[in-house]
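What follows is each chain in one-letter form.
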Amino acid sequence: MLRSYPIKQRLLLNGAVVGIAMLVMLALLIYQNSQLSNLALLRLEVNELKASVLELRKHEKDFIMRQDKSYLDKFNKTFQSLTQQAKVMQTDLQEHGLDIKPLASFQQQTEQYQQQFSLLVSTSEQVGLDPQSGLYGALRKAAHSLENQFKPIFFFSDSHFLPPYSFLPLCCKCLSL
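Because the structure is predicted, anything quoted here is derived from the model rather than measured.

Caption draft 1: Highlighting the environment of His59. As for its position among the elements, His59 is in helix α1 (residues 7–66). You can call His59 buried: its relative accessible area is 5%. Distance in space between the C-alpha atoms of His59 and Asn76 is 9.5 Å, their sequence separation being 17 residues. Excluding residues that lie within four positions of it along the chain, His59 makes contacts with Tyr71, Lys74, Phe75, Thr78 and Phe117.

Written as structure tokens, this is what we have:
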């Protein structure tokens, strides 16, 4: 079929086919490059999520070490930021037709983590964040009150001192009455 055409036309046709093939290859290369750059952006988003989780853990550890409620606020701000990042990433994954189940599981686990941390903070508040508050403060006040009640038993007078356990027989006598 092509033998009926002169060599000049066959070369022009061959050049046009090669040129079109190169343009198609260029278009595929550009498309693949944009896909790779989008996937690289997704990788950066994953790294940002990892950094946010590490920051959440840091705030948790700081709260446990210092018993300061300001770390709850920092934790919640970081958690909100992490939630926003996850929503953006979910949109990006859906645009690229990638599976979002692992991200949904991650979001569920971080929400549980946030709830557990809030429970830890509220329980710590009930127990007492410092020696004057919560159950710890009440225990301390009761111990001081008890100590003040036993001071007269320890000291008969200014010159006589009873050893700490010598008041037990006195207490036993009081209890038997």
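Anyway, onward from the coordinates.
Caption draft 2: The side chain of Glu45, seen in detail. Topologically, Glu45 is positioned in helix α1. Although Glu45 is buried, it forms no salt bridge, and the closest oppositely charged side chain is Arg43 at an N-O distance of 12 Å. Setting aside residues no more than four positions away along its own chain, Glu45 makes contact with Val88, Met89 and Asp92.

Caption draft 3: Quick peek at the environment of Tyr71. By secondary structure assignment, the location of Tyr71 is in helix α2 (residues 70–95). Tyr71 sits 12 residues away from His59 along the chain, and the two C-alpha atoms are 5.6 Å apart. In this structure, Tyr71 is in contact with His59, Asp62, Phe63, Arg66 and Phe117, ignoring residues within four places of it in sequence.

Caption draft 4: Expanded view of the nonpolar core. In terms of nonpolar packing, the biggest core is built from 15 residues, with Leu49, Phe63, Met89, Leu93, Leu103, Phe117 and Val121 touching the most fellow members. Elements with a contribution of two residues or more to this core: α1, α2 and α3 (101–127). No other element matches α2, which puts eight residues into this core. Excluding residues that lie within four positions of it along the chain, Leu49 makes contacts with Leu82, Gln85, Ala86, Met89, Leu103 and Phe106.

Caption draft 5: Just the packing of aromatic side chains, in detail. Within the structure shown, the criterion is met by three aromatic pairs. Between Phe75 and Tyr113, the ring centres sit 5.5 Å apart and the planes meet at 70°, which makes this aromatic pair edge-to-face. Separated by 38 residues along the polypeptide, Phe75 in helix α2 and Tyr113 in helix α3 bring together distant segments of the chain. Overall, the relative accessible area of 0% leaves Phe75 in the buried class. Site record: aromatic cluster; members linked through ring pairs are Phe63, Phe75, Tyr113 and Phe117.

Caption draft 6: The packing of α1 against α3, seen in detail. Packing of α1 against α3 leaves a shortest axis separation of 11 Å and a crossing angle of 10°. Relative to α3, α1 is oriented roughly parallel. Handedness of the crossing formed by α1 with α3: left-handed. Where α1 approaches α3, its residues Leu49, Val53, Leu56, Arg57, His59, Glu60, Phe63 and Ile64 are matched on the opposing element by Leu103, Phe106, Tyr113, Phe117, Leu120, Val121 and Ser124. Broken down by class, the residue content of the contact of α1 with α3 amounts to 11 nonpolar, two polar and two charged.

Caption draft 7: Local environment of the pattern of salt bridges. Taken as a whole and assessed by the stated rule, the structure comprises two salt bridges. The residue Arg66 makes a salt bridge to Asp62 at a minimum N-O spacing of 3.0 Å. In this pair, Arg66 and Asp62 both sit in helix α1, four residues apart, roughly one turn of the helix. As a salt-bridge pair, Glu125 and Lys69 come within 2.5 Å of each other at their nearest N and O atoms. Of this pair, Glu125 sits in helix α3 while Lys69 sits in the loop between α1 and α2, placing them 56 residues apart in sequence. Exposure remark for Lys69: the relative accessible area of 38% places this residue in the partly exposed category.

Scoring rules and cut-offs
- Residues numbered from 1 in each chain as written.
- Predicted model: local features only at pLDDT ≥ 70, side-chain atom pairs only at ≥ 80, totals over all residues.
- Heavy atoms only, no water.
- Helix = DSSP H or I, 4+ residues; strand = E, 2+ residues; numbered from the N terminus.
- Buried < 20%, exposed > 50% of the residue type's maximum accessible area, 1.4 Å probe, protein only.
- Contact = heavy atoms within 4.5 Å.
- Lys, Arg positive; Asp, Glu negative; His and termini not counted.
- Salt bridge = Lys/Arg side-chain N within 4 Å of Asp/Glu carboxyl O.
- Core = buried A, V, L, I, M, F, W, Y, C linked by side-chain atoms within 4.5 Å.
- Phe/Tyr/Trp six-rings, centres within 6.5 Å; stacked < 30°, edge-to-face > 60°.
- Axes fitted to C-alpha atoms, helices over the stretch in contact; angles between N-to-C directions.
- Parallel < 35°, antiparallel > 145°, perpendicular 65-115°, else oblique.
- Left-handed = near helix turned anticlockwise from the far one by under 90°.
- Nonpolar A, V, L, I, M, F, W, Y, C, P; charged D, E, K, R; others polar.

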